[in-house]
Amino acid sequence: MSSQNTDPRPPVWVGHISMNTKAVGESTAAMLSIGMRSIVQRDDFAVLELRGGTHIVLRQDDGAEPIHTEFDFMVEDVDATHAEYAAKGLNVSEISRGRIHDSFTLTEPGGNRITVNSTHVSDQPV
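Attention in this report is confined to the structure presented alongside it.

Reading the values: rules and limits
Residues numbered from 1 in each chain as written. Predicted model: local features only at pLDDT ≥ 70, side-chain atom pairs only at ≥ 80, totals over all residues. Heavy atoms only, no water. Salt bridge = Lys/Arg side-chain N within 4 Å of Asp/Glu carboxyl O. Helix = DSSP H or I, 4+ residues; strand = E, 2+ residues; numbered from the N terminus. Buried < 20%, exposed > 50% of the residue type's maximum accessible area, 1.4 Å probe, protein only. 1 Å grid on protein atoms, 1.4 Å probe; cavity = no way out; pocket = protein on both sides within 12 Å on 5 of 7 lines; lining within 4 Å. Points joined across faces, edges and corners; volume = space filled by probe spheres on them. Nonpolar A, V, L, I, M, F, W, Y, C, P; charged D, E, K, R; others polar. Core = buried A, V, L, I, M, F, W, Y, C linked by side-chain atoms within 4.5 Å. Contact = heavy atoms within 4.5 Å.

## Quick look at the pattern of salt bridges
Following the criterion strictly, the structure yields six salt bridges and no others. For glutamate 49, the salt bridge identified is with arginine 37, shortest N-O distance 3.1 Å. Taken together, the residues span a long stretch of sequence, with glutamate 49 in strand β3 (residues 45-49) and arginine 37 in strand β2 (residues 37-41) at a distance of 12 residues. Arginine 97 is the partner of aspartate 79 in a salt bridge, and the nearest nitrogen-oxygen pair spans 2.6 Å. Taken together, the positions of aspartate 79 in helix α2 (residues 78-87) and arginine 97 in strand β7 (residues 96-97) put the pair 18 residues apart, joining distant regions of the chain. A residue is classified by how much of its surface remains accessible, and aspartate 79, at 37% relative accessible area, is partly exposed. Shared partners join several salt bridges into a network, and the residues in it are Asp79, Arg97 and Asp102.

## Some words on the layout of surface pockets
Taken as a whole, the largest pocket holds about 1,300 Å³ of empty space. Where the lining of the largest pocket is concerned, the elements lending two or more residues are β5 (68-75) and α2. A class-by-class count of the residues in the lining of the largest pocket yields 16 nonpolar, eight polar and eight charged.

## Section: the nonpolar core
If you look at the biggest cluster of nonpolar residues, it comprises 23 residues, and the most contacted ones within it are Met31, Ile34, Met36, Ile56, Leu58, Phe73 and Tyr85. Those elements that place two or more of their residues in this core are β1 (16-21), α1 (24-33), β3, β4 (55-60), β5, α2, β8 (102-107) and β9 (113-118). Sequence-distant contacts of leucine 58, defined by excluding residues within four places in its chain, comprise Met19, Val24, Ser27, Thr28, Met31, Asp44, Phe45, Ala46 and Leu48.

Put into structure tokens, the structure is as follows:
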């Protein structure tokens, strides 16, 4: 990092993550319902924005086998988020209490499973 740079945040971040789904329209609707922003929405793909400017790219793939994603979501209050998702009719597991994170699994309409973790973000700017 340059000594002239006064931005205290780390200089890199995740730009895009991708997920193939058999149901891009329904998967997009589910992601919008949990608070993501729509950047691009088409019949065969969507780009949605998460906190921090990360984008998730949803791609229609009729032959996609549902997976447990290699990425996870992090939220401020896992208990409140779990209750909110369940109230919206989203497919969520029970909350698992862990040493580092409490978490649950969100199964999106295309069948992919996404872990939703409690936060452990530092008190530094991110």
